[in-house]
Amino acid sequence: MSRPNYPSGKDLLSAEAVSQADLGDVLERADRHWIELNLADESAESQFVNVVRRRPKMVATLFDQRSTRTRLGFQVAAGRLGHQSIDVFDPDRSRMGHATGETIEDHIKTVEAYSDLIIVRSHLEDLPYKVARLSYLPIINAGNGSDEHPTQAMIDIYAIYKMRGDLSKLSIALSCDTKARFAVSFVKMLRLWPPQRFTLCCLPGIAINPAVREAMERLHSLGTLVSVVHNVVETLDHDVLSIQMQDMSKFSNASLGYDAVDKEQETEPFTITAKKILEHNSNTLILNPLPRFSELDTSCDSLPNAGYFQQVKLSTPIRMAILERMLSGTPWTG
Ligand code: CP
């Protein structure tokens, strides 16, 4: 897919759009929102009297693909900032689409007239780029096909920082299908805060997605110790394991014509369970962008290692920080 330049820096379409200074600014803003969101009493709130609450802005969510966290998360973040949100993809009620004849171009021009920022999630890799070309408004890529999910990467980095501290001192593992968009953006974003060690846990015999391979090479060039393993237990000595195997079924040899394959046995090396964590006496922080699939057993939920629901909580201040930046016209400089 052709990559547009970011001459104005108005859009957040890829982890590549983000510079080290941008990430630092997002984390700083997120920390301020995190403190503010957790203030227990009103007297403490008085220290934030200088927070400027302007006329509410309108944030449009254009999601043609299912989402719980990203859609609700941005709507909540907008509300927490005193702004509002509208859903602008509604094939049953809007005029857009083949059945009613309104083009995406006209739809975007209409949405643009009603809103201040558009967040796009699509099964089409090109859609956020297309909307960014069509509209003068700032556009956020909230996940496009198997391309990228840059805001999730910022959430993941913030979650690691809040729960385990300075990333440059940490060993971080990622267990995934290397075509997963969260994984692509995560490894790309890590260049801005390279860990001491990075380990990719992935299926053997399947080529690593070139985007992930290149991002790992970049980490290596920045001094990170980079390696590849094929069993999740080999990551249990790391400080952090981010794990999501979106669709285990597609990893099965059965899909290649070996119907007799034992799928359970085949996917087991990529499943994390409480038993494995306890057997390895592991303190590894387990993250998962969610939703979980069979790679993350619910037996992990009661262990102190489980960081994935705290990760969801920490996503609000990051989304607030991203919206705050973009709604005030602060460009991405990566
Ligand atoms: N992590 C994430 O993108 O979740 P949703 O698909 O629910 O938005």
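These numbers come from a predicted model, not from an experiment.

Helix and strand counts for the chain come out as 11 helices and 9 strands. Counting the 334 residues in the chain, one finds 52% classified as buried. Considering only contacts within the chain whose residues lie at least 6 apart along the sequence, 72% involve residues at least 24 apart. Carbon and sulfur atoms make up 50% of the accessible area of the chain, which amounts to about 15500 Å² in all.

Turning to the sheet that holds strand S4 (residues 139-144), a few remarks are in order. In spatial order, the strands read S2-S1-S3-S4; together these 4 strands make up an open sheet with parallel pairing. Among the strands making up the open sheet, the edge pair consists of strand S2 (84-87) and S4. Averaged over all pairs of adjacent strands, the angle between strand axes in this sheet comes to 20°, irrespective of strand direction. The sheet contact formed by strand S1 (residues 58-63) and S2 spans 4 bridges and is parallel. When the sheet's bridge partners are listed, Val59 is paired in S2 with Ser85. The strands touched by helix H4 (residues 104-114) within the sheet are S1, S2 and strand S3 (117-122), with S1 carrying the most contacts at an inclination of about 155°. Strands S1, S3 and S4 of the sheet are contacted by helix H5 (residues 127-134), whose axis makes an angle of about 165° with S4.

Among the nonpolar cores identified, the biggest contains 61 residues, and Met154 and Leu323 are the most heavily contacted of them. At 8 residues, helix H11 (residues 308-327) tops the list of elements feeding residues into this core. The residue makeup of this core includes at least three contributed by each of domain 1 (15-148 + 315-327) and domain 2 (152-313). Apart from residues lying up to four places away in sequence, Met154 is in contact with Leu12, Val18, Leu23, Val26, Met189, Ile318, Ile322 and Trp332. Residues Val229, Val232, Ile243 and Cys300 belong to the second largest nonpolar core, which totals 19 residues.

The next subject is the sheet that holds strand S8 (residues 240-244). Pairing within the open sheet is parallel, and its 5 strands lie in the order S7-S6-S5-S8-S9. Looking along the sheet, the strands with just one partner apiece sit at the ends: strand S7 (225-229) and strand S9 (285-287). Across the sheet, the mean angle separating the axes of adjacent strands is 20° when strand polarity is ignored. Alignment of strand S6 (residues 197-201) against S7, held across 5 bridges, turns out to be parallel. Looking at the pairing, Leu200 lines up with Val228 of S7. Docked against the sheet, helix H6 (residues 150-164) engages strand S5 (171-176), S8 and S9, running at close to 160° with respect to S9.

So, on to the packing of aromatic side chains. The description of an aromatic ring pair rests on the distance of the ring centres and on the angle between the ring planes. Within the structure shown, the criterion is met by 3 aromatic pairs. When the ring of Tyr158 is compared with that of Tyr161, the centres are 6.2 Å apart and the planes differ by 40°; the resulting orientation is tilted. Placement of the pair is Tyr158 and Tyr161 together in helix H6, with a separation of 3 residues, close to one helical turn. Among the residues examined, Tyr158 registers a relative accessible area of 0% and is labelled buried.

Turning next to the packing of helix H1 (residues 20-37) against H6. At a minimum axis separation of 11 Å, H1 and H6 run at an interaxial angle of 65°. Here the hand of the crossing between H1 and H6 comes out right-handed. Listed contacts from H6 to Leu23, Val26, Leu27, Ala30, Asp31 and Trp34 of H1 are Met154, Ile157, Tyr158, Tyr161 and Lys162. Classifying every residue of the contact of H1 with H6 by side-chain character gives 9 nonpolar, no polar and 2 charged.

A large share of S8 lies buried, amounting to 5 of its 5 residues. Summarising the sheet, S5 and S8 pair through 5 bridges and their orientation is parallel. Considered in S8, the bridge of Ser175 is made with Ile243. Of the strand pairs in this sheet, S8 and S9 are connected by 3 bridges, and their pairing is parallel.

The next subject is H1. Its 18 residues place the ends of H1 25 Å apart at the C-alpha level, agreeing with the 26 Å of an ideal helix rising 1.5 Å per residue. Buried residues along H1 sit in contact with H6 and H11.

Okay, the confidence of the model for the chain next. This prediction gives the chain a mean pLDDT of 90; 87% of its residues lie at or above 70. A low-confidence stretch, residues 254-259 stays under pLDDT 50, and its non-local contacts, those more than four residues away or across chains, total 5 contacts.

Turning our attention to the state of the cysteines. For the coordinates displayed, the defined rule picks out 0 disulfides. With no disulfide partner, Cys201 has as its closest neighbouring cysteine sulfur the one in Cys202, 6.9 Å distant.

Conventions we followed
Residues numbered from 1 in each chain as written. Predicted model: local features only at pLDDT ≥ 70, side-chain atom pairs only at ≥ 80, totals over all residues. Heavy atoms only, no water. Helix = DSSP H or I, 4+ residues; strand = E, 2+ residues; numbered from the N terminus. Buried < 20%, exposed > 50% of the residue type's maximum accessible area, 1.4 Å probe, protein only. Contact = heavy atoms within 4.5 Å. Areas by Shrake-Rupley, 256 points an atom, 1.4 Å probe, with all protein chains shown as cover. Pairing = 2+ DSSP bridges. Axes fitted to C-alpha atoms, helices over the stretch in contact; angles between N-to-C directions. Core = buried A, V, L, I, M, F, W, Y, C linked by side-chain atoms within 4.5 Å. Domains from an automatic or database assignment. Phe/Tyr/Trp six-rings, centres within 6.5 Å; stacked < 30°, edge-to-face > 60°. Left-handed = near helix turned anticlockwise from the far one by under 90°. Nonpolar A, V, L, I, M, F, W, Y, C, P; charged D, E, K, R; others polar. Expected span 1.5 Å × (residues − 1). pLDDT = per-residue confidence, 0-100. Disulfide = S-S within 2.5 Å.

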